Amino acid sequence: MILLLESEKCPVCGSPVKKENLKSHYAKVHPRRAGSLVQPKTVPLARAPSAFRSHKKKNMLLLSLIVLAVMGVSIVAVEFVAANTLRMHIHPQLSITLNGSPVQVPAQIGIDPSLWKDHSLDQYGLSGLAPIHTHDTSGLIHVESNTVRDFTLHQFLAIWGQPSDGSSINGHPVSSVSVDGQVLPSATQDVVLRDKPQQIVMTLAT
Ligand SMILES: [Zn+2]
Ligand SMILES: [Zn+2]
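Each residue is numbered by its place in its chain's sequence as written, counting from 1. Chain letters start at A and ligand numbers start at 1, both assigned in the order the entries are written. In view of the model being predicted, local features appear only for residues whose pLDDT reaches at least 70, and side-chain atom pairs are presented and counted only at 80 or more, with totals across whole chains, interfaces and linings using the full set of residues. Each side-chain value is derived from all of the structure's non-hydrogen atoms; neither hydrogens nor water enter the calculation.

Asker: Just checking my understanding: could you explain the overall build of the chain for this structure?
Answerer: Only DSSP runs of H or I reaching four residues or more are called helices, and only runs of E reaching two or more are called strands; each is numbered from the N terminus. Helices and strands together make up the secondary structure of the chain, namely four helices and nine strands. The linear arrangement of helices and strands in the chain, starting from the amino end, is α-α-α-β-β-β-β-β-α-β-β-β-β. Buried means the residue's accessible area, taken with a 1.4 Å probe over protein chains only, is under 20% of the maximum for its type, while exposed means over 50%, and partly exposed covers the values in between. Taken across its 206 residues, the chain has 32% of its residues classed as buried. By the convention used here, residues are in contact when the closest approach between their heavy atoms is within 4.5 Å. Taking as baseline every contact in the chain between residues at least 6 positions apart, the subset at least 24 positions apart corresponds to 54%.

Shown next, in the form of structure tokens:
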């Protein structure tokens, strides 16, 4: 550092002048340039960082906006994927009889708007279907949900448009309900839906 300073030359006349003596050399030898020794150095130095800083600020702002946008899109994407990921898919079997004869469970319960009366569980459904629905008239109930949770027989009946307390179907009072051959103590007791071979039999009275 000292060597560099000592070997410095006057930029005007080229004569060797120590840096600390440059000012007095200018004052003595080049009085007109005395002011320019400080000025050209301080002006670019003062301007450069501020220009750089403002660019940096703009870049940081732009970068922040891009990061926020990416985060926003990611959150939306994650939520979309979460809402559309099938996490539960079970098939209990429902059979309904009236005077010993089978009562058909309609197809498209929870899919056809006329067979989709209760919408309180729609948030768990996928692809625009209720989370509890039927595809055909076999009585096979499809539980297809984006969340693993308990769904019940009464919730299925409510979606279908039957009384949600399980008291009647198509206007006929429910006289008994059995699950896997076991008759429930009360005909209006709710049943948590389980995967097949769960067999739910509802018997109606006239
Ligand atoms: Zn389905
Ligand atoms: Zn299914």
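There is more to say after this.
Asker: Would you mind going over the packing of aromatic side chains with me for this structure?
Answerer: How two aromatic rings sit relative to each other is set out by the distance from centre to centre and by the angle between their planes. Aromatic rings from Phe, Tyr and Trp, with only the six-membered ring used for Trp, were paired whenever their centres fell within 6.5 Å, and each pair was classed as stacked if the ring planes differed by under 30 degrees, edge-to-face if by over 60, and tilted otherwise. Tallying each qualifying case throughout the model produces two aromatic pairs. Seen from their ring centres, Y124 and F151 are 6.0 Å apart, and the 80 degrees between their planes marks the pair as edge-to-face. Taken together, the residues span a long stretch of sequence, with Y124 in the loop between β3 (101–103) and β4 (132–133) and F151 in the loop between β5 (142–145) and α4 (153–160) at a distance of 27 residues. Overall, Y124 belongs to the buried group, its relative accessible area being 16%. Taking the centre distance of 6.1 Å and the plane angle of 50 degrees together, the rings of F156 and W160 count as tilted. Of this pair, F156 and W160 both sit in helix α4, four residues apart, which is roughly one turn of that helix. Taking the relative accessible area as the measure of exposure, F156 reaches 0% and is therefore buried. One residue, R149, lies across the ring of F151, its end atom 4.9 Å from the ring centre. Remark: a charge is flagged as sitting over a ring if the NZ atom of Lys or the CZ atom of Arg is within 6 Å of the ring centre and within 35 degrees of the ring normal.

Asker: I'm lost on a nonpolar patch on the surface in this one. Help?
Answerer: Residues with no salt bridge and a relative accessible area higher than 30% make up the patches, which join like charges within 9 Å and nonpolar side chains (Val, Leu, Ile, Met, Phe, Trp, Tyr) within 5 Å. In short, Shrake-Rupley with a 1.4 Å probe defines the accessible areas, and a residue's cover is counted only from the protein chains shown. Salt bridges are defined by distance alone: a side-chain nitrogen of Lys or Arg within 4 Å of a carboxyl oxygen of Asp or Glu. A cluster of nonpolar side chains, namely M60, L61, L63, L65, V67, L68, M71 and I75, defines an oily patch on the protein surface of about 790 Å² accessible area. The topology assignment puts V67 in helix α3 (residues 39–83). When its relative accessible area of 41% is taken as the criterion, V67 is described as partly exposed.

Asker: Which parts of the structure should I look at to understand the coordination of the zinc ion (ligand 1)?
Answerer: For a metal bound by four donors in tetrahedral geometry, the ideal donor-metal-donor angle is 109.5 degrees, whereas six donors in octahedral geometry ideally sit at 90 or 180 degrees. The donor definition counts N, O and S atoms within 2.8 Å of each metal and applies 3.2 Å to Na, K and Ca; water is not among these atoms, so some sites may look incomplete. H133 (NE2), H135 (NE2), E144 (OE) and E144 (OE) make up the full set of protein donors to the zinc ion (ligand 1), lying at 1.9 to 2.5 Å. For the zinc ion (ligand 1), the four donor atoms in the first shell make angles of 55 to 164 degrees at the metal, a pattern classed as irregular. As a motif over one chain, the donors of the zinc ion (ligand 1) read H-x1-H-x8-E. Between the two metal centres, the zinc ion (ligand 1) and the zinc ion (ligand 2), the spacing is 4.0 Å, with E144 acting as a shared donor. Taken together, the positions of H133 in strand β4 and E144 in strand β5 put the pair eleven residues apart, joining distant regions of the chain. Just as H133 is buried, E144 falls in that class too. Under this scheme a four-donor centre is tetrahedral when all angles range from 85 to 135 degrees, a four-donor centre is square planar and a six-donor centre octahedral when opposite donors are above 155 degrees with the rest from 65 to 115, and any other centre is irregular.

Asker: Looking at this model, I keep getting lost on unusual backbone geometry. Mind explaining?
Answerer: With the exception of glycine, most residues fall at negative phi, and the peptide bonds are largely trans. With an omega dihedral of 20 degrees, the bond running from K196 to P197 counts as a cis peptide bond. Relative to the helices and strands, P197 resides in the loop between β8 (182–183) and β9 (199–204). With a phi angle near 55 degrees, N170 is a residue other than glycine that sits in the positive phi range. For N170, the position within the fold is in the loop between β6 (168–169) and β7 (172–179). Look at D180: it is not a glycine, yet its phi comes out positive at around 50 degrees.

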